[in-house]
Amino acid sequence: MKTFYGILAVIAVVGVAAIVYSVRGGDGGMATEPIDLRQLADASALLDRAQGVTLGEDDAPVQILVFSDYMCPACATWAGQIETLLKAEFVSTGKVRLTYYDFPLGGHFRHSFVAARAARCAGDQDRYWEYHDRLLGAQQEWGRSQATPTAYFIDLARTVGAEPRSFEACLRSDAHAEVVTANRLLGETLGVGATPTIFLNGRQLRQWSDYNAVRAAIQAAGGV
Amino acid sequence: MSTLAAETPASADVGAVNRMSIAVLALAGLLLSTYMTLYAFGVIGDLTCGVGGGCETVQHSSWARLFGVPVALIGVGGYGALFVAALLGLQPRFAARPAVPRVLLGGAILGLTFTAYLTYLEAFVIHAWCRWCLVSAGIAVLIFLAALPELRQLRRQA
């Protein structure tokens, strides 16, 4: 009987250790946090790497910059309600160009950095905006996860028609970590302190949650 | 020696080996389903499943829950009950109780049936194979085989 209980103990210890390892670790070489700026000799050089994702005509009279976090509920409201109308009425007609910058707040929004990277990995396969919309729309589902919702992100990539293996390889690496960090740094430089922060032709649009106010601001800025 | 005393050592030997096997297998199944349950509840973000992503496809399918309960959690309950029953069945105080073979055999049959249903779903409905689910299916089959000698115990009681 001693041998039997010994076998049970070994199985239990090995099994529990494997589970604990999975709960604590498991992210491998995946970048889940912004680059630590203190480790950089010249953090300001990183600003040059900031790059938004654009939608619309380059020469549109109204340029809207959005600094947003994928885990922030207000950002989901902006994307689901205002951005959708904006795209239909102004972006598709060439009056507005949207540029989306990542501003991962981190902290309580623990997956915002990796979510921003995931969207850009989808962007590598020309699925950025589809992924962006789905990610924000399903924020409540993946946002609850304690651990990095890698599998969820991969499944989401599949649903928008991205090739899952290349997406997964991108997600599990540190790809786009630099540009996402740089975007956040750019936001900080511009005084962004909360998300979403919207700039319309260089001026902050404070009434972003009211579509009529957004429309009026666009029309006043020349997007008639 | 009484008749009971003459029978007990032989039946206890058979019972001990098969119940030990059930306990070991059920413990492995319990740990595996705990791992899958933690994934279902989002505590583990990534299933270690090898390349292909079959586990994630199965775990994100609408079949991964039964009446809102993650299938893996049902596994925790089933394997846990079998583990406890097998351990109790190894204790001299409970070994000869009629409930032990009933619980072990009944549990093993239920587990095998449930596993067969889940494997059918993977093969013909979801069209994806979850490797950990297959390992669990293998454990359920082995538990069933290990529980078969309990039939003899049941017949003797009858």
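Relevant structure appears above.
Structure report, in brief. (Residues numbered from 1 in each chain as written. Chains lettered and ligands numbered in written order. Predicted model: local features only at pLDDT ≥ 70, side-chain atom pairs only at ≥ 80, totals over all residues. Heavy atoms only, no water.)

The subject of this paragraph is the state of the cysteines. Residues and elements named next belong to chain A. Enumeration according to the criterion identifies three disulfides over all chains in this entry. With its sulfur 2.4 Å from that of its partner, cysteine 72 forms a disulfide with cysteine 75. Judged by the sign of its S-S torsion, about 90°, the bond between cysteine 72 and cysteine 75 is right-handed. By relative accessible area, cysteine 72 is classed as buried at 3%. Here cysteine 121 connects covalently by a disulfide to cysteine 170, the sulfurs 2.0 Å from one another. One quick way to see it: the torsion about the S-S bond of cysteine 121 and cysteine 170 is about -75°, and its sign makes the bridge left-handed. With a gap of 49 residues between them, cysteine 121 in helix H3 (residues 112-123) and cysteine 170 in helix H7 (residues 164-171) connect regions that are remote in the sequence. Here cysteine 121 matches cysteine 170 in class, with each residue buried. Across chain A, the way the bonded cysteines pair up, counted in sequence order, is 1-2, 3-4. (Disulfide = S-S within 2.5 Å. Buried < 20%, exposed > 50% of the residue type's maximum accessible area, 1.4 Å probe, protein only. Helix = DSSP H or I, 4+ residues; strand = E, 2+ residues; numbered from the N terminus.)

Here we come to the interface of chain B and chain A. Note on interface size: it is often stated as the accessible area lost on association of the parts. Between chain B and chain A, the residue contacts involve 23 residues of the former and 25 residues of the latter. In total, chain B and chain A occlude about 1,900 Å² of area from one another, counting both sides; carbon and sulfur atoms represent 68% of this. Counting every contact that joins chain B to chain A gives zero salt bridges. Tallying contributions element by element places helix H1 (residues 3-40) of chain B first for the side of chain B that touches chain A, with ten residues. (Contact = heavy atoms within 4.5 Å. Buried area = accessible area lost by both parts, 1.4 Å probe. Salt bridge = Lys/Arg side-chain N within 4 Å of Asp/Glu carboxyl O.)

Let us look at the side chain of A:His132. Residue and element names in this part refer to chain A. Note that histidine 132 resides in helix H4 (residues 128-137). With relative accessibility at 0%, the residue histidine 132 sits in the buried group. In contact with histidine 132, other than residues within four places in its own chain, are Tyr70, Ala79, Glu83 and Tyr100.

Glancing now at the packing of aromatic side chains. Residues and elements named next belong to chain A. Applying the stated criterion to the full structure yields 13 aromatic pairs over all chains. Ring geometry for phenylalanine 67 against phenylalanine 103: centres 6.5 Å apart, planes inclined by 85°, an arrangement best described as edge-to-face. Note that phenylalanine 67 is positioned in strand E2 (residues 62-68) and phenylalanine 103 in the loop between strand E3 (96-102) and H3, a separation of 36 residues in sequence. Relative accessible area serves as the criterion here: at 1%, phenylalanine 103 is assigned to the buried category. A ring pair is formed by tyrosine 131 and phenylalanine 167, whose centres lie 5.4 Å apart and whose planes are at 45°; its orientation type is tilted. Note that tyrosine 131 is positioned in helix H4 and phenylalanine 167 in helix H7, a separation of 36 residues in sequence. (Phe/Tyr/Trp six-rings, centres within 6.5 Å; stacked < 30°, edge-to-face > 60°.)

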